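Summary of structural features
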Amino acid sequence: MVYSLSELSNLVVDPAVHGLSITRELQPLGGRGDAVSPPTFAQAQGDEKGPRYVWSERRAGDETVKTCLLDSSASQANRIEESLLDLVRSRKLTLPLHRMDVPNIGVLTDLELPHRIYDAAIGTAKLPDGSPWRRSEVARQVRSASRKDASALLEHAPLILVLGGWDSHSGTAANAWQGRHEKAVWSKIVAIDAFKMNRPGGRLDPMGLPSSEKVDLGDGSKKLVDQGLGVVPPAMDKFPRLSITMRHAEQRSVISFGVLRKIGFGGDEKDSIARTYLAALGILGLAALHRNGGHLRSECDLVCQRTDGWRIRRDDSPDENLSGITVERTLEVAQEVLDRFPSSGLAFRREPINLTVHDAIVAAMGRAES
Amino acid sequence: MLDISVRFLCGEFVAQTHDVGSEWPPHPARLLYALVAAWHDGGCNPVEREALHWLESQRAPSIVADRDVPQEEYKAWLPMNSVPNWNKKGGRRPSLPKTRQLRSSRYVGDVPVSFVWDDDPPVKYNAPLRHLCRRCTRLGSAESLAAITVDCREALHGPAWRPSQSGTMLRIPRPGVVLALTGSNAPIPGRVLPCDWRAYRWGYGKQPGRMITVALARGNWPVERAPVLAWQLRRALIAVAEAEHLPLRPILHGHEEDGSPLRRSHLHFCPLPHVGSRYASGSVLGVSLIVPSDTDNDDRDYVEHVVAAWFARGAELAMEGGRLLSFAPRDTRRTLADRRWCRAAKVWQTVIPMELPRHVAKRRKWNREDWRRIAEEIKVACSHSDLSSPIEVEASNTPFTRGSPHARSVRGPHRRPIVHARLLFPDPVDGPVVVGAGRHLGYGLMEPVGTLS
């Protein structure tokens, strides 16, 4: 089956189709066996000191292999947003955005904020006329959106319906309705058969300064090493830096049509078109992620070596392949669906809403810098 | 058997049980809760609700899933809606806890987890159950995207999590759960949804069969002739069924319509001897009719009906030599209690010698090679009884327990050699355990040895 608008529409409405998935085998940019740096987490595990990686095990056939998390599902969702934002900036994609001008940082959009449109930075921001955003009509519509009628979110923040979101600061009682939308798209990268590699850290000073000598550089007499100067001989325990080597990395990405079918938009035709658009947007996000997402962090660049392709996960029949999913093709399909919005009565905001950061937050940023 | 399979699209199962931590295997109650949520999402169809009521009234299902799945865990800050802060206006807001919360996931890959119930649903519930499962998009947290399908299966073989008398406690549905979740507007206190708890154990063993035990009230019978007693009881029940004009079902007589041996398990007639204790007499104190676990309710009812009819006709057996044995319903003697024969254990030993599946060398005295072959035949016999392969096998003509007969002293309708066996299984096995070719007449009745630890 080849990816097209008609095929996608049929898949989304078919209750026997659970969704799409793809598994990609990745290798380091430096070649098989090269070291990569996983993400670190603050809490130490057991006796391990310093930053902690997320280790686990997995069965691969008859053997049990050690795995290490390379990119969590939350991080992958953030990268999807970054990839889509790149397409917006290059004018290949239109999304309803909230843009905030942040002093000394620049413009931030809701795709760059941790909680998307539910982020407190937007909740406390002001409109150009000085009124608070949370009292605006857009905010009221977004807060009142529910799974039965999510038209407002489709109009102002469709990625909430694709990547999930939780309006955790709204409501005055634990049982009151809060915007809670489960994700329809999920992706994760895990290193398979991973081994830890210790790497020494140190500092070579070209001026040859002794690190233990105390010198007053205007902030009291302190050791040179405490002021960023001097020689620190490379050692395993001074600046513990870990990396891993692995057999390969596995990236598994999924989009669930069942989640989208639970969301209503005010009528059969509207539901069909809106869900198809959200599916197209999710697939576009994943395609863009796969194309752009090789660089995870410093010393962690991955390249796709092999993939089993996009598979249609059906009820009661073997999985079928869906070919032709590229960023360009998925952009076309998403635009085709979007073009049907007006005739079906669905609204979609194309102009960004400009906001200014709350004064108290600006002041807090200033204090943090100083 | 109803089979509801869950394939995790992301390859991971993410769920935690309150006060237990990372959950494995997925609890059956969680599946029912997900189906109730799907019922609500689908517009509250009344037929689907009936299907849910039927499902919650079933016995605890078996769960086809790996014994243990490694977990990946990390700690993260998560707003907790269940631990609210009171704000100045008296309302409650979700609070950020003082410590990071543990998030764990288990990688299951593309292998589905199946929940298997003994019975098939009524035909009218097939479509509603299928629709409910299709609308379910996850099992556990939002990270556990799932594809849930409904199927039927003939039997459950191989390793699985099965209800047991002890083991890992899992939440299971019970009647009233669906009403509690759907019928009342009152919030459910705390975050613990209504359920029952049931012990599960992972293993190859089938579900424990049901024991219908009758006590020997008058007369004595030696354990050396136990298979003869079993044979006579079988004949007596068949005669009663014929006299009552009841159909003669294969569950009772153990043959196909063409007279060939029945390919599936049928009733085991197991004399229960007084063995093991210091004062063991070696006499048969009663007989247990062991109904295999995969027997449907209809056949179970049939067996109970035949036994009741036999009691109505006096419950007597005329044995050879003019001896008359009278039976009564089970009494309180320990030998006749289910727990005596059903307690889970890793070590099991025969109290009545087992009949080997095949002949070994016909010698007055077996040599070492013969005993090695016997040990292999015993392992084969275990597989015929749906037991996992024992990791140690000890075979002997002499009994392992006081009161049990020497193998060469047992008289009965066996045609192949009989030996005593002591087996060590890799995991605790639930009883009753009866192995070997003559198990339907009590050959190979085993007792659990040692404590559960």
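Residues numbered from 1 in each chain as written. Chains lettered and ligands numbered in written order. Predicted model: local features only at pLDDT ≥ 70, side-chain atom pairs only at ≥ 80, totals over all residues. Heavy atoms only, no water.

Structural notes on the overall build of chain B
A count of helical and extended segments in chain B gives nine helices and 23 strands. Here chain B holds 453 residues, and the buried ones make up 52% of them. When contacts within chain B are restricted to residue pairs at least 6 apart in sequence, long-range pairs at least 24 apart make up 77% of them. About 21,000 Å² of surface is accessible on chain B, with carbon and sulfur atoms providing 50% of the total. (Helix = DSSP H or I, 4+ residues; strand = E, 2+ residues; numbered from the N terminus. Buried < 20%, exposed > 50% of the residue type's maximum accessible area, 1.4 Å probe, protein only. Contact = heavy atoms within 4.5 Å. Areas by Shrake-Rupley, 256 points an atom, 1.4 Å probe, with all protein chains shown as cover.)

Quick notes on the sheet that holds strand 4 (residues 98-102) of chain A
Residue and element names in this part refer to chain A. Read from one edge to the other, the open sheet built from three strands follows the order 5-4-20, with strand pairing classed as mixed. Single-partner strands in this sheet number two, and they are strand 5 (106-109) and strand 20 (353-356). Looking at each pair of strands side by side, their axes are set apart by 30° on average, direction ignored. Pairing analysis gives four bridges linking strand 4 to strand 5, with the strands arranged antiparallel. (Pairing = 2+ DSSP bridges. Axes fitted to C-alpha atoms, helices over the stretch in contact; angles between N-to-C directions.)

Topic: the side chain of R297 of chain A
Residues and elements named next belong to chain A. If you trace the backbone, R297 turns up in strand 16 (residues 295-297). On the accessibility criterion, R297 (18% relative accessible area) is buried. Of note is the side chain of R297, whose polar atom sits 3.4 Å from the side chain of D71. When neighbours within four sequence positions are excluded, R297 is seen to be in contact with S37, P38, P39, L70, D71 and R79. (Polar contact = N/O pair within 3.5 Å; in protein donor to acceptor, adjacent residues only side chain to side chain.)

Thoughts on the pairing of strand 10 (residues 113-117) of chain B
Residue and element names in this part refer to chain B. Of all five residues in strand 10, five are buried, a share of seventy percent or more. Burial of strand 10 is two-sided: the residues V113, F115 and W117 facing one way and the residues S114 and V116 facing the other way are all buried. Relative to strand 10, strand 1 (residues 2-8) is paired through five bridges, and the arrangement is antiparallel. Its bridge partner being in strand 10, S5 is matched across the sheet by S114. Alignment of strand 5 (residues 62-64) against strand 10, held across three bridges, turns out to be antiparallel. Along strand 10, the bridge assignment pairs I63 with F115.

Topic: the pattern of salt bridges
Across all of its chains, the model carries 43 salt bridges over all chains by this definition. Note that R329 of chain A is salt-bridged to E332 of chain A, the shortest N-O span being 2.7 Å. Taken together, the positions of R329 of chain A and E332 of chain A, both in helix 9 (residues 327-338) and three residues apart, correspond to about one turn of that helix. According to the relative accessible area criterion, R329 of chain A is partly exposed, its value standing at 25%. Its relative accessible area of 44% is what places E332 of chain A among the partly exposed residues. Linking R340 of chain B and E447 of chain B is a salt bridge whose minimum nitrogen-to-oxygen distance equals 2.7 Å. On the criterion of sequence distance, the pair formed by R340 of chain B in helix 8 (residues 338-342) and E447 of chain B in strand 23 (residues 446-449) is long-range, its members being 107 residues apart. In terms of burial, R340 of chain B and E447 of chain B fall into one category: buried. Connected through salt bridges with shared partners, the residues R252, D308, R311, R313 and D319 of chain A together with R7 and D110 of chain B form a single ionic network. (Salt bridge = Lys/Arg side-chain N within 4 Å of Asp/Glu carboxyl O.)

Examining the packing of helix 1 (residues 28-41) of chain B against helix 3 (residues 126-135) of chain B
All names here are of chain B. Between helix 1 and helix 3, the shortest axis-to-axis distance is 8 Å and the interhelical angle comes to 95°. Compared by their axis directions, helix 1 and helix 3 come out roughly perpendicular. Touching L35, A38, W39 and D41 of helix 1 are L132, C133 and R135, all from helix 3. When the residues that make up the contact of helix 1 with helix 3 are grouped by side-chain class, the tally is five nonpolar, no polar and two charged. (Parallel < 35°, antiparallel > 145°, perpendicular 65-115°, else oblique. Nonpolar A, V, L, I, M, F, W, Y, C, P; charged D, E, K, R; others polar.)

Some remarks on the sheet that holds strand 14 (residues 210-218) of chain B
Residue and element names in this part refer to chain B. Spatial ordering of the open sheet is given by 15-16-14-18-17, a layout of five strands whose pairing is antiparallel. Two strands lie at the open edges of the sheet, namely strand 15 (268-273) and strand 17 (316-318), each paired on one side alone. Within the sheet, the average angular offset between the axes of one strand and its neighbour, ignoring direction, is 30°. Here three bridges tie strand 17 to strand 18 (residues 324-329), and the two strands are oriented antiparallel to one another. Within strand 18, the residue paired with E316 across the bridge is S326. Of the strands in this sheet, strand 15, strand 16 (284-291), strand 17 and strand 18 are in contact with helix 5 (residues 226-243), which crosses strand 15 at around 135°. On top of the sheet, helix 7 (residues 297-312) reaches strand 14, strand 16, strand 17 and strand 18; it is set at about 10° to strand 14, its chief contact.

Focus: the nonpolar core
In this structure, L8, L20, L95, F257, F265, Y277 and F341 of chain A are the most contacted members of the largest nonpolar core, which totals 85 residues. No other element matches helix 8 (residues 268-292) of chain A, which puts 13 residues into this core. Ignoring sequence-local partners within four residues, the contact set of L95 of chain A consists of L84, V88, L111, P158, L159, Y277, L281, F348, R349 and R350 of chain A. Of all hydrophobic cores here, the second largest spans 54 residues; its members include W221, A230, I251 and L445 of chain B. (Core = buried A, V, L, I, M, F, W, Y, C linked by side-chain atoms within 4.5 Å.)

Some remarks on helix 1 (residues 5-13) of chain A
Within helix 1 of chain A the residues assigned to the buried category are L5, L8, S9, L11 and V12 of chain A. Relative to the axis of helix 1 of chain A, the buried residues are bounded by an arc of 165° and lie together on one face. (Arc of directions from axis to C-beta.)

Regarding the packing of helix 2 (residues 46-56) of chain B against helix 3 of chain B
Residues and elements named next belong to chain B. Where helix 2 contacts helix 3, the axes come no closer than 9 Å and their chain directions differ by 90°. As the angle between them shows, helix 2 and helix 3 are arranged roughly perpendicular. Between helix 2 and helix 3, the contacting residues are V47, E48, A51 and L52 on the first element and P128, L129, H131, L132 and R135 on the second. Among the residues making up the contact of helix 2 with helix 3, the classes are represented as six nonpolar, one polar and two charged.

Side note on the packing of aromatic side chains
Per the counting criterion, the structure on display carries eight aromatic pairs over all chains. Aromatic pair W310 of chain B and F327 of chain B: ring centres 5.5 Å apart, planes at 45°, arrangement tilted. Pair noted here: W310 of chain B is in helix 7 and F327 of chain B is in strand 18, with a separation of 17 residues, a long-range link. Just as W310 of chain B is buried, F327 of chain B falls in that class too. Aromatic rings pair up to connect Y277, F341 and F348 of chain A into one cluster. Over the face of the ring belonging to Y107 of chain B we find R58 of chain A, whose NZ or CZ atom lies 3.3 Å from the ring centre. (Phe/Tyr/Trp six-rings, centres within 6.5 Å; stacked < 30°, edge-to-face > 60°. Lys NZ or Arg CZ within 6 Å of the ring centre and 35° of its normal.)

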